[in-house]
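One-letter residues, chain by chain:
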Amino acid sequence: MYTDGITEARTREARLMGLERFADYVIRATAGGELAPESLRRLIHSILDAQAERLRDDATLLMFQWRPPPG
């Protein structure tokens, strides 16, 4: 779950993060076996680093990780 401040954030190249780039980031992290807390931490730092720690809009992320019960 995310607010528009995430997809409207700028990258280091001054391009919008956008839904496609955001989704690609999450998909690649998941495919690489990264756990949700680490993926979320890296994504937040990536966005903040590109914004020089000053967001222009609200930016909220909530990530869930589902693990099926064993057996």
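Coordinates for the structure precede this section.
Residues numbered from 1 in each chain as written. Predicted model: local features only at pLDDT ≥ 70, side-chain atom pairs only at ≥ 80, totals over all residues. Heavy atoms only, no water.

**With respect to a negative patch on the surface**
- The grouping of Asp4, Glu8, Asp57 and Asp58 at the surface amounts to a negative patch.
- Examined against the element boundaries, Glu8 turns out to sit in the loop between helix H1 (4-7) and helix H2 (18-31).
- Overall, the relative accessible area of 44% leaves Glu8 in the partly exposed class. (Patch = residues over 30% accessible without salt bridge, like charges linked within 9 Å, V, L, I, M, F, W, Y side chains within 5 Å. Areas by Shrake-Rupley, 256 points an atom, 1.4 Å probe, with all protein chains shown as cover. Salt bridge = Lys/Arg side-chain N within 4 Å of Asp/Glu carboxyl O. Lys, Arg positive; Asp, Glu negative; His and termini not counted. Charge placed at Lys NZ, Arg CZ, Asp CG, Glu CD. Helix = DSSP H or I, 4+ residues; strand = E, 2+ residues; numbered from the N terminus. Buried < 20%, exposed > 50% of the residue type's maximum accessible area, 1.4 Å probe, protein only.)

**Examining the layout of surface pockets**
- Put simply, the largest pocket is a space of about 190 Å³.
- Surrounding the largest pocket, 13 residues form its lining, Thr11, Arg12, Met17, Arg21 and Ser46 being those nearest its centre.
- Where the lining of the largest pocket is concerned, the elements lending two or more residues are H2 and helix H3 (36-50).
- Per-element accounting of the lining of the largest pocket gives the leading share, four residues, to H3.
- Tallied by class, the residues present in the lining of the largest pocket amount to six nonpolar, two polar and five charged. (1 Å grid on protein atoms, 1.4 Å probe; cavity = no way out; pocket = protein on both sides within 12 Å on 5 of 7 lines; lining within 4 Å. Points joined across faces, edges and corners; volume = space filled by probe spheres on them. Nonpolar A, V, L, I, M, F, W, Y, C, P; charged D, E, K, R; others polar.)

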